[in-house]
Amino acid sequence: MGINFRTETFRDDFSFRNSPEHIRRFPFPFHEDSYMYAVNIEPHVAGPAGSVLEHPIDVDEHYVSEMADRALVLAEDPLRCQSLPHMTLAGWDLLELLMTAKAESYPEHFSLTRDGDRWHWINRPLGIDQKFLFGDLTTLPYGPMEYITRQSQGDFCILDQRDGNLWMDAGIVTTQADWSLDFDIGMNFFEWHAPVPLAHEKGIFTRALKFLTNVQQGKPARRLNWTMTINPRLDTSPENYHKWGPDRATVTPENVGQKVHLRVELQSFWRLPRSNALVFPIRCYLIKMDELVTSPKWARRLHRVIRDLPEELATYKGLTRYRATLVEWLARYDDGTPTSPGFGPE
Amino acid sequence: MSTGASKLDVVVSNVVPVNELVTRFHFRRADGGLLPTFSGGAHVIVEMRDGERARLNPYSLMSSPLDTSEYTISVRRDDLGRGGSLFMHGKVRPGDRMVISYPVNLFSLDLRAKKHLMLAGGIGITPFLAQTAQLAAEGGNFELHYSVRTAALATYAGDLRARFGRRVSIYHDDRDERIPLDRLLSSQPLGTHLYICGPAGMIDWARARAAALGWPAETVHYEHFAAPQPGVPFDVTLALSGRTIHVAEQQSLLEAIEAAGVDPPYLCRGGVCGQCETNVISSDGVFLHNDHWLSDEDHASGKKIMPCVSRFAGKSLVLER
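A few points on the structure. (Residues numbered from 1 in each chain as written. Chains lettered and ligands numbered in written order. Predicted model: local features only at pLDDT ≥ 70, side-chain atom pairs only at ≥ 80, totals over all residues. Heavy atoms only, no water.)

## So, the pattern of salt bridges
Residues and elements named next belong to chain A.
Consideration 1: One pass over the structure, following the stated rule, counts 39 salt bridges over all chains.
Consideration 2: For Glu-8, the salt bridge is made with Arg-6, and the minimal N-O distance between the two is 2.7 Å.
Consideration 3: Judged by its relative accessible area of 7%, Glu-8 is buried.
Consideration 4: Assessed through its relative accessible area of 23%, Arg-6 is described here as partly exposed.
Consideration 5: The salt bridge partner of Glu-96 is Arg-274, with a shortest N-O separation of 2.9 Å. (Salt bridge = Lys/Arg side-chain N within 4 Å of Asp/Glu carboxyl O. Buried < 20%, exposed > 50% of the residue type's maximum accessible area, 1.4 Å probe, protein only.)

## Observations concerning the interface of chain B and chain A
Consideration 1: Each side of the interface is counted separately: chain B has 24 residues, and chain A has 20 residues.
Consideration 2: When chain B packs against chain A, close to 1900 Å² is buried across both sides, 53% of that on carbon and sulfur atoms.
Consideration 3: Inspection of the chain B/chain A interface yields 0 salt bridges.
Consideration 4: For the pair chain B and chain A, the number of links is 4 residue pairs in polar contact (both at pLDDT 80 or more).
Consideration 5: At the level of secondary structure, the elements contributing two or more residues to the side of chain B that touches chain A comprise strand 7 (104-105) and helix 2 (126-138) of chain B.
Consideration 6: Tallied by class, the residues present in the side of chain B that touches chain A amount to 10 nonpolar, 10 polar and 4 charged. (Contact = heavy atoms within 4.5 Å. Buried area = accessible area lost by both parts, 1.4 Å probe. Polar contact = N/O pair within 3.5 Å; in protein donor to acceptor, adjacent residues only side chain to side chain. Helix = DSSP H or I, 4+ residues; strand = E, 2+ residues; numbered from the N terminus. Nonpolar A, V, L, I, M, F, W, Y, C, P; charged D, E, K, R; others polar.)

## Let's talk about the side chain of Lys-115 of chain B
Residue and element names in this part refer to chain B.
Consideration 1: Mapped onto the elements, Lys-115 comes out in strand 8 (residues 115-121).
Consideration 2: Of note is the side chain of Lys-115, whose polar atom sits 2.7 Å from the side chain of Glu-143.
Consideration 3: In contact with Lys-115, not counting residues within four places along its chain, are Asn-141, Glu-143, Gln-188, Pro-189, Gly-191, Thr-192 and His-193.

## Notes on the pairing of strand 11 (residues 192-197) of chain B
Residues and elements named next belong to chain B.
Consideration 1: Judged by how many residues are buried, strand 11 sits mostly within the fold: 6 of 6 residues are covered.
Consideration 2: Side chains of strand 11 alternate between two faces, with Thr-192, Leu-194 and Ile-196 and His-193, Tyr-195 and Cys-197 buried alike.
Consideration 3: Pairing of strand 8 with strand 11 involves 6 bridges; the strand directions are parallel. Bridge pairing links Ala-120 to Cys-197 in strand 11.
Consideration 4: Note that strand 11 and strand 12 (residues 220-223) share 4 bridges and pair parallel. Looking at the pairing, Leu-194 lines up with Val-220 of strand 12.
Consideration 5: Assessed by its sense of winding, the connection that carries the chain from strand 11 through helix 5 (residues 200-212) to strand 12 is right-handed. (Pairing = 2+ DSSP bridges. Right-handed = clockwise from strand over helix to strand, strands pointing away.)

## Concerning the sheet that holds strand 3 (residues 110-115) of chain A
All names here are of chain A.
Consideration 1: Taken together, the 3 strands give an open sheet; going across it, the order is 3-4-5, and neighbouring strands pair in antiparallel fashion. Each end of this open sheet is capped by a strand with a single partner; those strands are strand 3 and strand 5 (128-133). Taken pair by pair, the neighbouring strands of this sheet meet at an average axis angle of 10 degrees, ignoring direction.
Consideration 2: Across 6 bridges, the pairing between strand 3 and strand 4 (residues 118-123) is antiparallel. Note on strand 4: the bridge partner recorded for Leu-112 is Trp-121.
Consideration 3: Taken strand by strand, helix 3 (residues 88-105) contacts strand 3, strand 4 and strand 5, and its axis lies near 125 degrees from that of strand 3. (Axes fitted to C-alpha atoms, helices over the stretch in contact; angles between N-to-C directions.)

## Some details on the sheet that holds strand 8 (residues 221-230) of chain A
All names here are of chain A.
Consideration 1: As summarised here, the arrangement of the 7 strands in space is 1-8-9-10-6-7-2, forming an open sheet in which the pairing is antiparallel. What marks the edges here is a single partner per strand, and that holds for strand 1 (42-43) and strand 2 (81-83).
Consideration 2: Bridge count between strand 2 and strand 7 (residues 165-172): 3 bridges; the pairing is antiparallel. Note that in strand 7 the partner of Gln-82 across the bridge is Gly-171.

Geometry only, nothing functional implied.
What follows is the structure, encoded as structure tokens:
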């Protein structure tokens, strides 16, 4: 059964929405009624059929429209995609990973034929049929990382590993939660995490780095992160803050359900075989409050999480301006009954 | 979660004596498919099932990373070792099934380098065989200096010379030839990285000279191939699992822990990756530390041990395992 790709927008008229089936598969990130940072990393193994974890690289109904939005961002700002000179090999690694994963998981939509270095890639949803020589830059219209990530949902950071640290030396970042590749390029793991509150004191980054530098080939790992976004805008970058920042002042009790979105990032970590670099896909999932409250459990739990969130975290995630309005709106869906453990809708 | 490496079922597809001490082993995937791609400098852990005994030793992959139809390793016979190399030389035959780990790279090329200057000693040549193949395919700039005991024991020196010509220099101990280290270290273009794989003395020498001549530590890379050494047997109590184990002369502490059904994480089994680091709850005796992971302070504290390569002599040792 193929995916029914939606035609929708993440800007201007914001026609993005989730189908009922996609609401049910949303990766709700709270397993209990409160939230604090933790090193919540687990093996990236296959999850239940139909979930966003069923396949190692998830493709969903928003695929075609998300790729159109990425092309618009890149046309306006080419610096959203950068690769330092030593990262080209890692780009080929990533191209192989994404092509093989997609072709294996979604044969009705993607196919890859390999004859030595002669590769033939077909991407039916985007109407692409490309023959190229693996490793030969002259045979693709873009560098290998840009080529394949223009066809892959989510942002991608490729981290070089050396001197016991990870370095943000390549990436494509167009669907980010208020951080900038152009600012972070070339930084190490501690440098680019410097703005995050509370977690440094808890020693989280030291432990996370130790874990990540030991991620091995064939054993990817994952974690969920979250924030909130006003309007279903994928590109909430610092570069475009003037476009989306003011949206946060537009939330009213009447429009919470349509305007406020929970934004969940499925982050995964993969060792790349030729370059020994680490690739860090950050896949963004959006859900409107009106969609989320169709699950009574999620509604009750989100109300409690947002209501009780420590002030520093609320500020860091940019919720301050509309938090009270949102909590009041969500309170209507919280009758005080207990929520069952786990992430599922019920 | 554990970060240990996944495993691969392989068939020994060929066994090739290279010289008096070294034999090469070829592995293919048991299911006939391609092996995982790897990067030059990676190793695999080879599991040797020798009757009741299990030995797990790391070996650098020496085949070209561009060819994943097979992996090759070269094993130097160590008559005084714990028997892993003797098992490989004496018992492993073409057609045998074996289990190896996924490749793990703890000796990776720094791809920012403008030039790669490689120093090999003896069997330490193996990771450079894969790295030079990788660099040659990408048009990378490298130079290899290889120190051997005699021409007869110059493993793969002929192949390397044939492949890379003057980019490879061979130095024979029995002809009193020495790597001209200071001259090499003083005459490199900016942006050169140094890689060393060989005996501990060679690594220490090259690191010390590089530091003295102003090379930044981030540009100096090395791999110790410290196989666990045999030693006097000793007993250990594993507090968490409530077991008392005996570490035999030819067994590593890690292997003895595993034989008792406890599985600490590991990647290198050579004292460098840090995965199997174990807390000491109490001890009455002397630690024989052989790792390159713990600090001198840790070694002196008596609070930590790397069971993959280190041993103990004394009355009692209680570990948090």
